[in-house]
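Structural overview
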Amino acid sequence: MTKKKFYVVWQGHNPGIYDNWDKCQQQIKNYPNAKYKSFGSREEADIAYGGNFAEHIQFKTPSKPGQSTAPKSRDVGTSSAIRNPQSAINWDSISVDAACSGNPGVMEYQGVDTRTKTPLFHQKHPLGTNNIGEFLAIVHALAMFHKEGKDTPIYTDSRTAIGWVKLRACKTKLIRNAKTENLHQIIARAEQWLKTHTYKNPILKWETEAWGEIPADFGRK
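A brief report on the enclosed structure follows. For clarity, every value in this text was computed on a predicted model and none was experimentally measured.

A short note on the overall build of the protein
Helices and strands together make up the secondary structure of the protein, namely six helices and nine strands. The burial tally for the protein puts 47% of its 221 residues in the buried class. Within the protein, residue pairs in contact and separated by at least 24 positions form 63% of the contacts whose partners lie at least 6 positions apart. Looking at the protein as shown, the accessible area adds up to about 12,300 Å², and 49% of this sits on carbon and sulfur atoms.

Digging into the sheet that holds strand 9 (residues 203-205)
Strand order in this open sheet of five strands is 7-6-5-8-9, and the pairing throughout is mixed. With partners counted over all chains shown, the strands left at the sheet margins are strand 7 (119-128) and strand 9, one partner each. Strand-to-strand, the axes of this sheet are offset by a mean angle of 25°, without reference to chain direction. The pairing of strand 5 (residues 94-102) with strand 8 (residues 154-156) spans two bridges and is classified as parallel. Of the residues in strand 8, the one forming a bridge with Ile94 is Ile154. Contacts between helix 4 (residues 159-167) and the sheet are confined to strand 8 and strand 9, with strand 9 contributing the most and set at about 155° to the helix. Against the sheet, helix 5 (residues 181-196) engages strand 6 (105-113) and strand 7, with an angle of about 135° to strand 7.

Digging into the pattern of salt bridges
For the coordinates displayed, the defined rule picks out four salt bridges. With a shortest N-O distance of 2.9 Å, Glu181 and Arg176 are connected by a salt bridge. The class for Glu181 is partly exposed, based on a relative accessible area of 27%.

Here's the deal with the nonpolar core
Core analysis: the largest hydrophobic core is formed by 40 residues, its most contacted members being Phe135 and Leu136. Contributions of two or more residues to this core are made by strand 1 (6-11), helix 2 (42-49), strand 5, strand 6, helix 3 (130-148), helix 4 and helix 5. Considering every element that reaches this core, the biggest residue donor is helix 3, with eleven residues. Grouped together as the second largest cluster of nonpolar side chains are 16 residues, Val9, Cys24, Tyr155 and Ile214 included.

Observations regarding the side chain of Gln27
Here Gln27 shows up in helix 1 (residues 21-28). Gln27 sits in the buried class, given a relative accessible area of 9%. Engagement of the side chain of Gln27 in a polar contact is seen with the backbone oxygen of Lys23, the distance being 3.4 Å. Not counting residues up to four positions away in its chain, the partners in contact with Gln27 are Val9, Gly12, His13, Asn14 and Tyr18.

Some words on the side chain of Thr129
Tracing the chain through its elements places Thr129 in the loop between strand 7 and helix 3. Exposure remark for Thr129: the relative accessible area of 12% places this residue in the buried category. A distance of 3.2 Å separates the side chain of Thr129 from the backbone nitrogen of Ile132, its partner in a polar contact.

Calculation rules
Residues numbered from 1 in each chain as written. Predicted model: local features only at pLDDT ≥ 70, side-chain atom pairs only at ≥ 80, totals over all residues. Heavy atoms only, no water. Helix = DSSP H or I, 4+ residues; strand = E, 2+ residues; numbered from the N terminus. Buried < 20%, exposed > 50% of the residue type's maximum accessible area, 1.4 Å probe, protein only. Contact = heavy atoms within 4.5 Å. Areas by Shrake-Rupley, 256 points an atom, 1.4 Å probe, with all protein chains shown as cover. Pairing = 2+ DSSP bridges. Axes fitted to C-alpha atoms, helices over the stretch in contact; angles between N-to-C directions. Salt bridge = Lys/Arg side-chain N within 4 Å of Asp/Glu carboxyl O. Core = buried A, V, L, I, M, F, W, Y, C linked by side-chain atoms within 4.5 Å. Polar contact = N/O pair within 3.5 Å; in protein donor to acceptor, adjacent residues only side chain to side chain.

Below, the structure written as structure tokens:
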């Protein structure tokens, strides 16, 4: 009996964890410098997805002279990004990021042109969390591009926000009260937009460890 595998796609059309090769292949086909790898259990895949692709590449020592050390194509996908990390970046894209003074605290998010860092939008709220800002920034970009009829890729360095967008739900624990009511209403509108619209914009994970800070970073670390 063939052992079931789980496929982690760090960089592809829709990054995530897939339970069969066909689904994984749909995410990496025709995607430049796709990053993916198979794992023997869902737990291993969950841990790997929360980390960096480069940490999970393993090349085995050949048992016989002349035997290839490269993994099978379905097990791991490598790319020139390992030798030249920034070669994997799609510069014709937008980058989004959020910052929060406290948790919760004054929260703001923005979107910039990835190549030039030209500001495209910026929003600020008196009380929120960083994860909420990351989520709203992605939805803001999606809504903006939907109006413009563009399928421009969107970079974020937040796996949490990517997950919330895929779920079409902001899983925040921020208390709803008089101070946060306006923000909760904005969150609800963002969730409703995701539930009533479709989009083709790839939402991509910015690999901070390999590429440095995302272009939209507020620089307050």
